[in-house]
Amino acid sequence: MQHVTFTQMQDGSAQDYQLLHSLEHAYIQALPDRLLSALQDLSESLPGYQISRLEHSLQSATRAEDDGADIDMVVAALLHDVGDVLAPDNHSQMAAAILRPYVRAEVTWVVEMHGLFQMQFYAHHLGKPNDGHLAYAQHPWFASCQRFCALYDQTSFDPAYASRPLSHFAPMVHTVFARKPFDPTVLQERAKA
Ligand SMILES: [Fe+2]
Ligand SMILES: [Fe+2]
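Residues numbered from 1 in each chain as written. Chains lettered and ligands numbered in written order. Predicted model: local features only at pLDDT ≥ 70, side-chain atom pairs only at ≥ 80, totals over all residues.

Asks: Teacher, can you tell me more about the overall build of the chain here?
Replies: Per the secondary structure count, the chain includes nine helices and zero strands. Shown N-terminal to C-terminal, the secondary structure of the chain runs as helices and strands in the order α-α-α-α-α-α-α-α-α. Structurally, the chain occupies a C-alpha span of about 60 × 45 × 35 Å along its principal axes. A total of 193 residues make up the chain; the buried ones form 31% of that total. In the chain, once contacts between residues fewer than 6 apart in sequence are set aside, the share between residues at least 24 apart is 60%. (Helix = DSSP H or I, 4+ residues; strand = E, 2+ residues; numbered from the N terminus. Buried ≥ 20, exposed ≤ 12 C-beta atoms within 10 Å, placed from the backbone. Contact = placed C-beta atoms within 7 Å.)

Asks: Explain the nonpolar core here, please?
Replies: The tendency in soluble globular proteins is for nonpolar side chains to be buried side by side. With 37 residues, the main nonpolar core has A76, L79 and L99 as its most contacted residues. The set of elements that each furnish at least two residues to this core consists of α2 (31-41), α3 (53-66), α4 (71-79), α5 (91-99), α6 (105-118), α7 (142-153) and α8 (166-177). Apart from the residues within four sequence positions on either side, L79 is in contact with L35, A95, I98 and L99. (Core = buried A, V, L, I, M, F, W, Y, C linked by C-beta atoms within 7 Å.)

Asks: I tried to follow the packing of α4 against α8 on my own but got confused; where do I start?
Replies: Packed helix pairs are characterised by how far apart their axes lie and by the angle those axes make with each other. Running from N to C, α4 and α8 cross one another at 115°; their axes reach a closest spacing of 10 Å. Of the possible angle classes, the one that applies to α4 and α8 is roughly perpendicular. Between α4 and α8 lies a crossing of left-handed hand. In this structure, α4 contributes I71, D72, V74, V75 and L78 to the contact, and α8 contributes F169, M172, V173, T175 and V176. Among the residues forming the contact of α4 with α8, the class breakdown is eight nonpolar, one polar and one charged. (Axes fitted to C-alpha atoms, helices over the stretch in contact; angles between N-to-C directions. Parallel < 35°, antiparallel > 145°, perpendicular 65-115°, else oblique. Left-handed = near helix turned anticlockwise from the far one by under 90°. Nonpolar A, V, L, I, M, F, W, Y, C, P; charged D, E, K, R; others polar.)

Asks: Which parts of the structure should I look at to understand the packing of α3 against α4?
Replies: At their nearest, the axes of α3 and α4 sit 7 Å apart, and the two run at 160° to each other. It follows from the interaxial angle that α3 and α4 lie roughly antiparallel. Of the two elements, α3 crosses α4, and the hand of that crossing is right-handed. Residues S57, S60, A61, A64 and E65 of α3 touch α4, and the partners they reach there are M73, V74, A77 and L78. Across the contact of α3 with α4, the residue classes break down as six nonpolar, two polar and one charged.

Written as structure tokens, this is what we have:
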């Protein structure tokens, strides 16, 4: 494969950087496939539950789709725990960072906050506060995150539930991650107050 001439970035030529830019474009285009592969890897993460993290992700996405959620939210439900493998202590933020350039800002916020909001369902059993989410009660996307956690996330640990397979969601992942990154018409960010 073609490669650059430099061993230190400061010595690279315009031709070097044009080469890298074109190769990076092709690499970014394969992002959906890498994400689907990362989801497959969730079949081996976090022991102790009755179902795998992959099955939990599929169950969450299936429930979101059946709830009439849009493609951004369905893909977010599919990917919301993809950070478990590499960022176990801040997996919500990692998933949000992956999604942020490609989905509505509301969906990114929901994914980023889901770890905190999920604590309402279990943290008291571990002697921790379970009301941290209430600090965001006035936030315009509070109800959206509550819906995500109550209906899609905390319910999706059921070995008897028939989730749709990853192949069903793969075209949605390709559609979302083929978008132009940080397109304002996709992000629909709120005007700053
Ligand atoms: Fe999570
Ligand atoms: Fe989850």
